[in-house]
Each structure stands twice: as C-alpha cells, then as structure tokens.
Amino acid sequence: LAVHGRRDSVWISGEGGELRRYDTRAEVWERPTGEGPAPSGQLRALQVGLDRVSIANELGQVFLWDESTTCPVPGDAGAPEQPCPRWLDARSTLNDLPILGLWASGERLLAVGALGSITSWQGDTRVSLGSGSLDNYLDVAGGGDGADVWIAGDRLLRLTGGWQEVELDSPRAVYTVQ
C-alpha cells in the first residue's frame, strides 16, 4: 500500500504486516530484522528518514525502525561497536483510528487519518491535534524543519504558526501531497 525512499533506502509496505527494504548493494528486497516489536496488520503509511523509518497500520499504531543504534562486537571488548538496527516500542493514536499518512523530522512525528485524526509526537510525548470530524486526512508532507507542513484529504490544511484551511477550487478530496 505504500512505497517511500531516500537515496539508497527504499521501503515498501502492505497487507498482513508485509514490509521490505531494498538492499542497493545486493540489489534484492529483504525483510528488516532486528530486536523489538515488528509492524503488524495492514500497513498503510510509510516515512523514510535519515536514520529512522516510521510505519503505521489500520489500528492507529506507529512502528519505528531505528538504524542509529550500535552494539558491542560479541567476544571482542576492544572492537568498535557495530550497527544493530532495532524496532522501538510502538506508539498509538489516542483513539486507535487508522493512520493514512505520516511525516517525520528528527524526533517529531505527525500522523493523519480517519475521522479528522491528527496526532503529533515529539519524542515519546503524544498530542492529539484533531479528531471527531467527518473529514478524513489521507497524507501529510512538509519541510525538514517542520515550518511548512501540509495535510491532504477531504480538506487541505497548512501549518504556518497554526493550522489553516486552504481553499480548493474543487469539491473533491486531495489524495496526496509532496
């Protein structure tokens, strides 16, 4: 259901927890393996960052793949640590509503979805910014600094100091924003 990438890191996600990343050196698709709770369910949204990948499902859960962690080399106390990517603890939206779009920048994560759901995380701190609407939000995108973030769906919203609706010249929903 989703494909997202950055330079040499391309990921795809879909039904039944299906998740793959493309190994550019070996030119093959592979499942990410690491410690922690791996994604499950219908994976609907995907965001690839510099050292983290965020994946969301239909139950309002966000799974984070962290590639910045390192581990000691077993049996060699003097060796430099080696990369050991892992799954961080899953996060969830306030009402467990389906997440349809993700945007991430550093420790900040924004999830949008069904019934006007807008949830923001700064690190582990969750804030519900919107819910309880007939509007569905389908995608979110923004600059790396978070100063200009857009939400697409039944309404088009733009974050510039606060959320503002952007008037459309069509009654149709906006499905994606880049």
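About the cut-offs
All residue numbers here refer to positions counted from 1 along the written sequence of the relevant chain. Residues qualify for local features only when their pLDDT is at least 70, as the model is predicted, and side-chain atom pairs are given and counted only at 80 or more; totals for whole chains, interfaces and linings, by contrast, use all residues. Side-chain descriptors were evaluated using all non-hydrogen atoms of the structure, hydrogens and water having been removed beforehand. Like-charged residues are merged into a patch within 9 Å and nonpolar side chains (Val, Leu, Ile, Met, Phe, Trp, Tyr) within 5 Å, provided each residue has over 30% relative accessible area and no salt bridge. Surface accessibility follows the Shrake-Rupley procedure with a 1.4 Å probe radius. Residue values consider only the protein chains on display as shielding. Salt bridges are counted wherever a side-chain nitrogen of Lys or Arg sits within 4 Å of a carboxyl oxygen of Asp or Glu. Only DSSP runs of H or I covering at least 4 residues are called helices, and only runs of E covering at least 2 are called strands; the numbering of each starts at the N terminus. With a 1.4 Å probe rolled over the protein chains alone, any residue whose accessible area is under 20% of its type maximum counts as buried; one over 50% counts as exposed, and the rest are partly exposed. For the purposes of this analysis, a disulfide is any pair of cysteine sulfur atoms at a distance within 2.5 Å. At least two DSSP bridges between two strands are needed for those strands to be called paired. Whenever a helix is involved, its axis is fitted only over the stretch in contact; in every case the axis is a line through C-alpha atoms, and angles between N-to-C directions fall within 0 to 180 degrees. Definition used in this section: a nonpolar core is a set of buried Ala, Val, Leu, Ile, Met, Phe, Trp, Tyr and Cys residues joined via side-chain atoms within 4.5 Å. When checking whether two residues touch, look at their non-hydrogen atoms; a contact exists if any pair is within 4.5 Å. Think of a polar contact as two N or O atoms within 3.5 Å of one another; within protein, one of them needs to be a possible hydrogen donor and the other a possible acceptor, and neighboring residues in sequence only count if both atoms come from side chains.

Trainee: I would appreciate a short explanation of a nonpolar patch on the surface in the present structure.
Mentor: On the surface, V3, I12 and W29 cluster together into a nonpolar patch covering about 280 Å² of accessible area. With respect to the helices and strands, the residue W29 is situated in strand 4 (residues 28-30). Given a relative accessible area of 41%, W29 falls into the partly exposed group.

Trainee: Can you help me understand the state of the cysteines in this one?
Mentor: By definition, a disulfide links the sulfur atoms of two cysteine residues through a covalent bond. The tally for this structure, following the rule as stated, stands at 1 disulfide. Here C71 connects covalently by a disulfide to C84, the sulfurs 1.8 Å from one another. Between C71 and C84, the S-S dihedral sits near 80°, and the bridge is therefore right-handed. Separated by 13 residues along the polypeptide, C71 in strand 8 (residues 70-71) and C84 in the loop between strand 9 (82-83) and strand 10 (86-87) bring together distant segments of the chain.

Trainee: For this particular structure, what's the right way to read the sheet that holds strand 16 (residues 137-142)?
Mentor: Working definition: the strands of a sheet are paired by backbone hydrogen bonds and lie parallel or antiparallel to each other. Taken together, the 4 strands give an open sheet; going across it, the order is 16-17-18-19, and neighbouring strands pair in antiparallel fashion. Of all the strands in the sheet, the pair left with one neighbour each is strand 16 and strand 19 (163-166). For this sheet, the mean angle separating the axes of adjacent strands, direction not counted, is 25°. Pairing between strand 16 and strand 17 (residues 149-153): 5 bridges, direction antiparallel. Residue pairing for strand 17: Y137 is matched across the bridge by G153.

Trainee: Mind showing me how you'd approach the nonpolar core here?
Mentor: A general feature of soluble globular proteins is that nonpolar side chains tend to end up buried together. Counting residues in hydrophobic clusters, the biggest one holds 11 residues: A2, W11, L19, L43, L46, V48, V53, I55, F63, W65 and W87. Among the secondary structure elements, those contributing two or more residues to this core are strand 5 (43-48), strand 6 (52-57) and strand 7 (61-66). If you tally residues by element for this core, the top one is strand 5, at 3 residues. Among all residues touching V48, those that are not within four sequence positions of it are H4, G5, R6, S9, W11 and V53.

Trainee: Is there a simple way to explain the pattern of salt bridges in this structure?
Mentor: If charged atoms from side chains of opposite charge come close, those side chains can pair. Considering all chains together, one arrives at 9 salt bridges under this definition. Through salt bridges with shared partners, a single ionic network connects E18, R20 and R31.

Trainee: Would you explain the side chain of T93 in this entry?
Mentor: Mapped onto the elements, T93 comes out in the loop between strand 11 (91-92) and strand 12 (99-105). For T93, a relative accessible area of 3% translates into the label buried. Side-chain polar atoms of T93 contact the backbone nitrogen of L97, separated by 3.3 Å. Not counting the four nearest positions on each side in its chain, T93 is found in contact with G60, I99, T119, W121 and R126.

Trainee: What should I look at first to understand the environment of I118 in this one?
Mentor: Within the element layout of this structure, I118 appears in strand 14 (residues 118-122). Given a relative accessible area of 5%, I118 falls into the buried group. Counting along the chain gives 21 residues from I118 to L97, while the straight-line C-alpha distance between them is 9.9 Å. Look past the residues within four positions of I118 in its chain and what remains in contact with it is L110, A111, V112, V127, S128, L129, G130, Y137, I151 and L157.

Trainee: Teacher, can you tell me more about the side chain of D139 here?
Mentor: Mapped onto the fold, D139 is located in strand 16. A distance of 2.7 Å separates polar atoms of two side chains, one belonging to D139 and the other to T176. Engagement of the side chain of D139 in a polar contact is seen with the backbone nitrogen of V177, the distance being 3.0 Å.

Trainee: Can you walk me through the sheet that holds strand 1 (residues 2-6) in this structure?
Mentor: Read from one edge to the other, the open sheet built from 4 strands follows the order 1-2-3-4, with strand pairing classed as antiparallel. Edge strands, defined here as strands with exactly one partner in the open sheet, are strand 1 and strand 4. Strand-to-strand twist in this sheet, taken as the mean axis angle between neighbours without regard to direction, amounts to 25°.

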